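Survey of secondary and tertiary structure
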Amino acid sequence: MNCNKNLKSVLLSLLLSLSFCTGMAAGEGDSLRVSLLTCAPGQQSFELFGHSGIRVRRPSDGTDIVFHYGVFSFNAPHFIYRFTKGETDYSIGVADFSDFVYSYTARHSGVTEQVLNLTAGEKEALLEALLVNYRPENRVYRYNFLADNCATRPLNMIERSVGGRIGYMVPEEKPVTFREMIHRCTAGHDWLTFGIDLALGAPLDTTISFRDEMFLPAVLMEAFGRATVVTGAGSVTDSGRLLVTDTYVYEPLAPRPESASGPLTGPLACGLYLLAVVAALSVWEWRKNTRLRWLDTVLFALYGITGCVLFFLVFVSEHPATSPNWSLVWANPLQLLIAVSVWVKYLKRVVNYYHFVNFAILLLFLLSWAFLPQRLNTAFIPYILVLMVRSFAAIGAYIRDRKKNVCRKGREQ
């Protein structure tokens, strides 16, 4: 979101007066109003997790702006490669409050404002920290979708600005993992959930603390709504200062359209369709006593390409939750070699050995499914069975050919 010229001039004046912030009179500090903004999820994949911002309003000079983190551009050079490698640099953005709210309400997302109950000194400290963070040399940072995102940055800024600490009322519920929290956000978007579960590995399944859950804007909003500012040796329950005083909701301008996806077009259904087709072709192949090498080339090439992406994420990417990833067991780069080797006659024995090993490993993988340190998506199963069917068909053809050769040699003798 770009600032207009008037907003830029206001920011410039704020930046020029930054050195005087700590010397402001109490009356000036009291005129500031600081709020946490939480934007409801949208329809695009990168909008499903919501968004957070910090509103700073000073009626004395008409300032009403929003600082928000996680600003990026798809048009940045090599964006896809850098994002995959975990080297995506995001930045802090500043927007006029009315423009910020309109951009979300117009896309069918509501915005919730929680006015923070901060002292004049705490508000001054927060504004000073935000302005320092907005300086050109500070505004760009290395994004981490679990620990340094649009929600954790405002959380850290506000926590560091209060005089004391923020006490959170931890809900009495069983511990959760990052993956479970992400699944809550991607519910109804089965292909996105499938892709996330495929790309992100075992670190996503570690149990997290309640504060870790605040990487999601909605959780941060709920936590702030029940939080208090604790000073000295006070506890969360006996503190007299609530963190949030007032809450306002800006409703979406139009209802959100219904999603067009359904269970018949989801990854599990498509995997079952593929399994049925491959099984039928394999039976036909057996009855005709032939080998559909083109089918193996297509399948193993697709699985191999997927394996190359996973290999890159596990061994090259700097993303925090991609390694280790047990999905590499069934989708690995070696399958690209098999896609080519089925056409090379003198590699026939190598291909046969591979199918024996592949079938055994995948069978063991499925049998140990519930005991793996990574929660795997159930929709993976039919895609794994596709590989097992092709390996089983190759093993069956190999055994049948050996029997024929033995019988032929016996007749010759």
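Right above here is the structure, for reference.
Rules behind the numbers
- Residues numbered from 1 in each chain as written.
- Predicted model: local features only at pLDDT ≥ 70, side-chain atom pairs only at ≥ 80, totals over all residues.
- Heavy atoms only, no water.
- Helix = DSSP H or I, 4+ residues; strand = E, 2+ residues; numbered from the N terminus.
- Buried < 20%, exposed > 50% of the residue type's maximum accessible area, 1.4 Å probe, protein only.
- Contact = heavy atoms within 4.5 Å.
- Areas by Shrake-Rupley, 256 points an atom, 1.4 Å probe, with all protein chains shown as cover.
- Pairing = 2+ DSSP bridges.
- Axes fitted to C-alpha atoms, helices over the stretch in contact; angles between N-to-C directions.
- Parallel < 35°, antiparallel > 145°, perpendicular 65-115°, else oblique.
- Left-handed = near helix turned anticlockwise from the far one by under 90°.
- Nonpolar A, V, L, I, M, F, W, Y, C, P; charged D, E, K, R; others polar.
- Core = buried A, V, L, I, M, F, W, Y, C linked by side-chain atoms within 4.5 Å.

1. Structural notes on the overall build of the protein chain
Across its full length, the protein chain holds 14 helices and 11 strands. Taking all 413 residues of the protein chain together, 45% fall into the buried category. A fraction of 78% describes how many contacts in the protein chain between residues 6 or more apart in sequence connect residues 24 or more apart. Total accessible area computed for the protein chain in this model is approximately 21,300 Å², and 62% of it derives from carbon and sulfur atoms.

2. Remarks on the sheet that holds strand S4 (residues 89–96)
Judged by pairing direction, the sheet is antiparallel, and its seven strands sit side by side in the order S6-S4-S3-S2-S1-S5-S11 without closing on themselves. The sheet is open, and its two edges are formed by strand S6 (140–142) and strand S11 (244–250), each paired on a single side. Direction aside, neighbouring strands of the sheet carry axes that sit 25 degrees apart on average. For S4 and S6, the ladder comprises three bridges, and the chain directions are antiparallel.

3. Considerations on the packing of helix H5 (residues 120–134) against helix H6 (residues 152–161)
One can describe the packing of H5 onto H6 by two numbers: an axis separation of 8 Å at closest approach and a directional angle of 135 degrees. Of the possible angle classes, the one that applies to H5 and H6 is oblique. In the packing of H5 onto H6, the handedness of the crossing is right-handed. Together, Glu122, Ala125, Leu126, Ala129, Leu130 and Asn133 of H5 and Arg153, Met157, Ile158 and Ser161 of H6 make up the contact between the two elements. The residue inventory of the contact of H5 with H6, partitioned by class, reads six nonpolar, two polar and two charged.

4. Regarding the nonpolar core
Ranked by size, the top nonpolar core spans 50 residues in total, and within it Phe67, Leu116, Tyr168, Phe224 and Leu243 carry the most contacts. Those elements that place two or more of their residues in this core are strand S1 (33–39), strand S2 (51–58), strand S3 (63–71), S4, H5, H6, helix H7 (178–186) and helix H9 (217–225). Among residues more than four places away in sequence, those in contact with Leu116 are Val34, Ser35, Leu36, Ile158, Phe224, Leu243 and Val244. The next biggest cluster of nonpolar side chains, apart from the first, holds 32 residues, and it includes Leu310, Ile338, Val342 and Tyr383.

5. Quick notes on unusual backbone geometry
Look at the link from Ser323 to Pro324: it is a cis peptide, with omega at 0 degrees. Mapped onto the elements, Pro324 comes out in the loop between helix H11 (293–315) and helix H12 (334–341). With a phi angle near 75 degrees, His108 is a residue other than glycine that sits in the positive phi range. Relative to the assigned elements, His108 resides in the loop between helix H4 (97–105) and strand S5 (111–116). Backbone geometry places Asn289, a non-glycine residue, at a positive phi of 55 degrees. With respect to the secondary-structure elements, Asn289 resides in the loop between helix H10 (267–288) and H11.

6. Considerations on the environment of Val342
As for its placement among the helices and strands, Val342 is situated in the loop between H12 and helix H13 (348–367). We classify Val342 as buried; its relative accessible area is 13%. Separated by 10 residues in sequence, Val342 and Asn352 place their C-alpha atoms 9.4 Å apart. Contact partners of Val342, with chain neighbours within four places excluded, come to Arg293, Asp296, Thr297 and Val351.

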